[in-house]
2 protein chains.
Amino acid sequence: MNFSPDGTVTTPQGFRATAVSAYIKYPDRPDLALVVSDMDCSATAVFTKNQVVAAPVVVDRATLKANNSHIRAVLINSGNANASTGQPGLENARHTQALVATAVGCAADEVLVMSTGVIGVQLPMDRLQAGIAAAANRLESATAVSPEAKEAAGLSAAKAIMTTDTRPKHLAALVELPGGVVTIGGMAKGAGMIHPNMATMLSLITTDAAIAPDVLADMLKTAVNHSFNRISIDGDTSTNDTVLLLANGASGVAIDNHDSAVVFAEALTALCAELARMIVKDGEGATKFVEIVVSGAETAVDAHTVANTIATSPLVKTAFAGSDANWGRILAAAGRAGVAFDQYQTNLWVGVQHTDELQLVHQGTPTHYAESDAAAIFAQPEFMIRLDLGRGSARDTVWTCDLSHDYVAINADYRT
Amino acid sequence: MNFSPDGTVTTPQGFRATAVSAYIKYPDRPDLALVVSDMDCSATAVFTKNQVVAAPVVVDRATLKANNSHIRAVLINSGNANASTGQPGLENARHTQALVATAVGCAADEVLVMSTGVIGVQLPMDRLQAGIAAAANRLESATAVSPEAKEAAGLSAAKAIMTTDTRPKHLAALVELPGGVVTIGGMAKGAGMIHPNMATMLSLITTDAAIAPDVLADMLKTAVNHSFNRISIDGDTSTNDTVLLLANGASGVAIDNHDSAVVFAEALTALCAELARMIVKDGEGATKFVEIVVSGAETAVDAHTVANTIATSPLVKTAFAGSDANWGRILAAAGRAGVAFDQYQTNLWVGVQHTDELQLVHQGTPTHYAESDAAAIFAQPEFMIRLDLGRGSARDTVWTCDLSHDYVAINADYRT
């Protein structure tokens, strides 16, 4: 498998994309992305576990429940999440499906919609309608263009879905299978990283492999567990979080045997993990990328819970921002995760290249490390931490970033 | 019952206090508070539920388990939490008990210790020893002073236990009982309020009522549940959090019947609630005090869980800081609390004098309120929010503050 950093959702065959300015919120940039497949797609999605879900999540869930084998188009807008908008919001999301269907020439139940942005405000349907028409027009004229122009259009879509992101996140993977080469392309947007899941995380992944919907669903669940869920607490996600995977079969290669499925699933997971890491690195105001490993747990769930609690602790994350090797906060966060352990059996290491370069804590007691050595590691833009609980052999890894002054500036003034 | 805002732990009869500079961390202010009772005290404490607990918590738990009826002295230091300090930290805490016992003339198991400050650093025992000796000397010479001087000494103790607090927190209550008047005095320190429980919260409460230890324990548990736990997530507290209650009986009035117990318990709860509110109002960088009411829940636990999740949401709290009536974040936080509800049955109100002045959400859909009316409420230094889940009749209240730029500044640079 090879990654193509310039690749995106239009790298796989048979997918086209475009982005236009619908002026939903931003006055000066495209905010509407339309992605269309030339043929029917198998489709599956992983949605937020929040009890309060945005209208597009309600609508997409229902759409996919009725039809997971002939999806044709996805419309994504930034600037307005269509969340906490009540019944009018649901009607607007359904009306959006119909508008896209008419514009691209398919049925309404073959269209999925995603939204990200401010919550509690109704979508400006007139501007959205004009934007959809403009996007469909541009898309039509783009059918016979070069691969470069097609990829550029995919990149413009990745940019249009951004909110507080500072850069687009996209990637493609070429996967060699016995039956031939298939391509997976993806784009994502994220950002808010105090609780990573509290700013909307959207991702659209496309592939030209042919895959049955139920197989696709299993593969996406596994991939998300090892990627987006490593930056996101289970059950603790925003109102709009969605990862959507479309497979249109345009490559002529079918994933219909165990060996192909294993290779493809691995590539899908790797691509999702790379997109997830991009989200963390572009966390609001983030200046550091930190890998948190918890080992020696009794169960993988315990390890994940402790790692997540450390990764989302504001006190830990502000210490990262200050390049402060304040490991006591790491232990204190672990201690409130709700997982039983004996503090006098814990060990803690930090490192840049490896997790175990410098041991800071031995059996709950600080070692005689040099503060300057610890500070040198915490001053790096990327470093790793391993906490061993001394209870068992389960481990888990979570990625996080620091919490800087800029996070508060961004979120205090977000709506104004 | 009457509150005395100038009152503190020395307002009840038979308690003396002093504060000295032991130079544990702060170069220019007292950092060591010693409180002594002239007679044996019944004692009880509520400790942190964190798995990682500081040495003084380990030592006090053991001390109170063996002796809850003749406690004589409490030593509290700021600047160093004696947490994550391993076996040496435990030995230092026990040695501190012995040093205090010698200095004030009691047994080591009649002394309790509390610490707050940086974690992972051993206590400087030489400076602590000198500080304890100095404190005991000052205390001895203070036996025959005026009530005003005694109260001033109590105030100096309330100041000595501060860390990032900007002002001391103390209060006394005079309680009229059939058998006579008893006094309750208290002091507290807190501060970090993203997760309120993640900065150490310490409180010492004294009373000259005579109360049996088991009755005292029940009363404190109830009082803490209705006060400090309203600003703190259950099971999610710092390594050092402690609320300690001492009753020395010096008033000659015993709480030995149901009626007296009810009146006294109510006063104790009210005093704790007032101290808890002082902590929130002095949260690190806090500029707003917000009361979060969740009603219409199926159970009180559900109501508490949802209220806590809203109260600790960084996105909600940064919106408060920006005076932004971004109520969508309030619903989104409620939705990830792990409590089932139907978003289309929720109602949300805000107000300054009452919780229900302005309805923002009706059955999950925004009402046609004027943005300027909502903004006017969110711009106030104190306001209230009520979210009704539409499921049942249980409710709970939690107090929180905003998350401002200053919080990050304080916590990124705390150790440096």
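Residues numbered from 1 in each chain as written. Chains lettered and ligands numbered in written order. Predicted model: local features only at pLDDT ≥ 70, side-chain atom pairs only at ≥ 80, totals over all residues.

Caption draft 1: View of the overall build of chain A. Check the secondary structure of chain A and you find 11 helices and 15 strands. For 416 residues, the compact-globule estimate of 2.2 N^0.38 gives 22 Å, and the C-alpha radius of gyration of chain A, at 22 Å, lies within 12% of that figure. For chain A, the spread of C-alpha atoms along the principal axes amounts to about 70 × 55 × 35 Å. The buried share among the 416 residues of chain A stands at 62%. Restricting the contact set of chain A to residue pairs at least 6 apart, pairs at least 24 apart contribute 80%. (Helix = DSSP H or I, 4+ residues; strand = E, 2+ residues; numbered from the N terminus. Rg over C-alpha atoms; globule rule 2.2 N^0.38 Å. Buried ≥ 20, exposed ≤ 12 C-beta atoms within 10 Å, placed from the backbone. Contact = placed C-beta atoms within 7 Å.)

Caption draft 2: Spatial organisation of the domain arrangement of chain A. Looking at chain A, the domain boundaries give domain 1 (2-281) and domain 2 (289-412). Placing a centre on the C-alpha atoms of domain 1 of chain A and another on those of domain 2 of chain A gives a separation of 33 Å. (Domains from an automatic or database assignment.)

Caption draft 3: Region of the structure containing the environment of D259 of chain B. All names here are of chain B. Along the polypeptide, D259 turns up in helix α6 (residues 258-281). A tally of 10 C-beta atoms within 10 Å means that D259 is categorised as exposed. Residues D259 and P178 lie 81 residues apart in sequence; the distance between their C-alpha atoms is 8.7 Å.

Caption draft 4: Highlighting the sheet that holds strand β12 (residues 358-362) of chain A. Residue and element names in this part refer to chain A. One open sheet holds the 6 strands; their spatial order is β13-β12-β11-β14-β10-β15, and the pairing between them is mixed. Where the open sheet ends on each side, the last strands, each with one partner, are β13 (365-366) and β15 (394-401). Taken together, the 3 bridges between strand β11 (residues 347-351) and β12 define a ladder with antiparallel strand orientation. Within the sheet, the bridge partner assigned to W349 lies in β12 and is Q359. Helix-sheet contacts for helix α9 (residues 327-335) involve β11, β12 and β14 (382-388), and the interaxial angle to β14 is about 50 degrees. (Pairing = 2+ DSSP bridges. Axes fitted to C-alpha atoms, helices over the stretch in contact; angles between N-to-C directions.)

Caption draft 5: Just α9 of chain A, in detail. Residues and elements named next belong to chain A. For α9, the tally of buried residues reaches 9 of 9 residues, placing the bulk of the element in the interior. Among all positions in α9, only W327, G328, R329, I330, L331, A332, A333, A334 and G335 are buried. For α9, the elements touching its buried residues are α7 (300-311), α8 (314-321), β11, β12 and β14.

Caption draft 6: Here's a closer look at the packing of helix α5 (residues 213-225) of chain B against α6 of chain B. All names here are of chain B. Interhelical geometry of α5 versus α6 gives an angle of 40 degrees and a closest axis separation of 9 Å. Overall, the two elements α5 and α6 adopt an arrangement that is oblique. Judged by the twist between their axes, the crossing of α5 over α6 is right-handed. In contact with V215, M219, T222, A223 and V224 of α5, α6 contributes A261, A265, L268, T269 and C272. The class makeup of the residues in the contact of α5 with α6 is 8 nonpolar, 2 polar and no charged. (Parallel < 35°, antiparallel > 145°, perpendicular 65-115°, else oblique. Left-handed = near helix turned anticlockwise from the far one by under 90°. Nonpolar A, V, L, I, M, F, W, Y, C, P; charged D, E, K, R; others polar.)

Caption draft 7: Fine view of the environment of V104 of chain A. All names here are of chain A. Locating V104 in the fold gives a position in helix α2 (residues 86-104). With 16 residues separating them in the primary sequence, V104 and G120 have C-alpha atoms 29 Å apart. Beyond its immediate sequence surroundings of up to four residues, V104 is in contact with V36, R72, A73 and A136.

Caption draft 8: Highlighting the sheet that holds strand β10 (residues 289-297) of chain B. Residue and element names in this part refer to chain B. Spatial strand order, β13-β12-β11-β14-β10-β15: 6 strands in an open sheet with mixed pairing. Looking at which strands have only one partner, the edges of the open sheet turn out to be β13 (365-366) and β15 (394-401). Relative to strand β14 (residues 382-388), strand β11 (residues 347-351) runs antiparallel, the two sharing 5 bridges. Residue pairing for β14: G351 is matched across the bridge by M384. Its contacts with the sheet place α6 against β10 and β15, and it is angled at close to 45 degrees to β15.

Caption draft 9: Representation of unusual backbone geometry. Residues and elements named next belong to chain A. One non-glycine residue with positive phi stands out, namely N82, at about 45 degrees. For N82, the position within the fold is in the loop between β4 (71-80) and α2. Backbone geometry places S84, a non-glycine residue, at a positive phi of 55 degrees. Its place among the elements puts S84 in the loop between β4 and α2.

Caption draft 10: Expanded view of helix α4 (residues 147-160) of chain B. All names here are of chain B. For α4, which comprises 14 residues, the first-to-last C-alpha distance of 20 Å matches the rise-based estimate of 20 Å (1.5 Å per residue) to within 8%. E151, A153, G154, L155, A157, A158, K159 and A160 are the residues of α4 that are buried. On the buried face of α4, the contacting elements are β2 (15-20), β3 (32-47), β4 (71-80), β6 (169-177) and β7 (180-189). (Expected span 1.5 Å × (residues − 1).)

Caption draft 11: Spotlight on the pairing of β2 of chain B. Residues and elements named next belong to chain B. Burial runs high along β2: 6 of the 6 residues are buried. The alternating pattern of β2 places F15, A17 and A19 and R16, T18 and V20 on opposite faces, both of which are buried. Bridge count between β2 and β3: 6 bridges; the pairing is antiparallel. Following the sheet pairing, A19 is matched in β3 by A33.

Caption draft 12: Structural detail: the environment of Q345 of chain A. Along the polypeptide, Q345 of chain A turns up in the loop between α9 and β11. Discounting chain neighbours no more than four positions away, the residues touching Q345 of chain A are Q363, G364 and G390 of chain A.

Caption draft 13: Spatial organisation of the confidence of the model for chain A. Residues and elements named next belong to chain A. Here chain A shows a mean pLDDT of 91. Residues at 70 or above account for 93%. Mean pLDDT across the elements of chain A bottoms out in helix α11 (residues 405-412) (58) and peaks in helix α1 (residues 55-66) (98). Confidence estimates for the predicted assembly give a pTM of 0.83 and an ipTM of 0.76. (pLDDT = per-residue confidence, 0-100.)

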